[in-house]
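If you want the building blocks of each chain, they are given just below.
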Amino acid sequence: MCLVLGGKRIKSRLFVGTGKLPNYELIKDIIKEADIDVVTVAVRRVSKDSTRENILDYIPKDTIIMVNTSGARDHKEAIKIALIGRELTNSNWVKVEIEADTKYLLPDNEETIKACQVLVKEGFKVFPYISPDLIVSKKLEDIGVCAVMPLGAPIGTNKGLVAKELLKTIINEVKIPVIVDAGIGRPSHAAEAMELGAEACLINTAIATAKDPINMAKAFKMAIDAGRRAYEIGILKEKEYADASSPLTGFLRGV
């Protein structure tokens, strides 16, 4: 089934970041080959100056652009970046990313809530990047964000779902979509997130820094599709003891 976000039907549950790519030329091929619907774009990479390369020139017109407020240190900076980003991209989708900490790049949940309160009222489709916290997620749900985007692990660490148990509580308790963002380094990590019940994953570093970003994006797409399909079918519960695959009765006599 398609995912509905911000009033749009989303076919691909793999969202892709455009930072760290060795060149913008790859963006168009990644979007095409991995069938991507949504990409995030940092405002500082968008230029209206004709003498500078503009990332928007490499993104197909039918692709949904999610403006990223990365670089913001508080809610005021995030709001300003979002407003500029909407003007530059003509997109009202915004990933609210606020990091006062520059070593671990952990989200400032309190400032994020403040920014989201304003941006929702300003008509944005808001997607807050947060440290996984159920209470914060519920507050954001009440504000009216489109989804919450808790991290699996700190940005760029490739550690996978370090926060797995916290992610599970959010997925189980909020009614809005949960998109796992940050720390996912392998397709298997993404599949695991989808098996938990996440609606989508946002991947940047693991694709952008791969030896072959295009094929890595395709690998993530397949893993996410597989994980989601398995979740919808129903993941079997773990058992304490062995359970034979073949029946232990009805053996052939005389053998």
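Residues numbered from 1 in each chain as written. Predicted model: local features only at pLDDT ≥ 70, side-chain atom pairs only at ≥ 80, totals over all residues. Heavy atoms only, no water.

## Topic: the sheet that holds strand 10 (residues 200-203)
1) Next: Sheet architecture is open: eight strands sit in the order 8-7-6-5-4-3-10-9, paired in parallel fashion. Only two strands of the sheet have a single neighbouring strand rather than two, namely strand 8 (149-150) and strand 9 (179-181).
2) Next: Relative to strand 5 (residues 64-68), strand 4 (residues 38-42) is paired through five bridges, and the arrangement is parallel. From the neighbouring strand, Ala42 faces strand 5, where its bridge partner is Asn68.
3) Next: Here helix 2 (residues 75-89) sits on the sheet and contacts strand 5 and strand 6 (93-96); the angle it forms with strand 5, its principal contact strand, is near 150°.
4) Next: Together, strand 6 and strand 7 (125-130) form the strand contacts of helix 3 (residues 109-121), whose direction differs from that of strand 7 by roughly 180°. (Pairing = 2+ DSSP bridges. Helix = DSSP H or I, 4+ residues; strand = E, 2+ residues; numbered from the N terminus. Contact = heavy atoms within 4.5 Å. Axes fitted to C-alpha atoms, helices over the stretch in contact; angles between N-to-C directions.)

## Some thoughts on the layout of surface pockets
1) Next: Computed from the structure, the largest pocket encloses a volume of approximately 480 Å³.
2) Next: Together, 28 residues line the largest pocket, and Lys20, Asn68, Glu97, Ile155 and Asn204 are the ones closest to its centre.
3) Next: Every element with two or more residues in the lining of the largest pocket is listed here: strand 4, strand 10 and helix 7 (205-208).
4) Next: Considering every element that reaches the lining of the largest pocket, the biggest residue donor is strand 4, with three residues. (1 Å grid on protein atoms, 1.4 Å probe; cavity = no way out; pocket = protein on both sides within 12 Å on 5 of 7 lines; lining within 4 Å. Points joined across faces, edges and corners; volume = space filled by probe spheres on them.)

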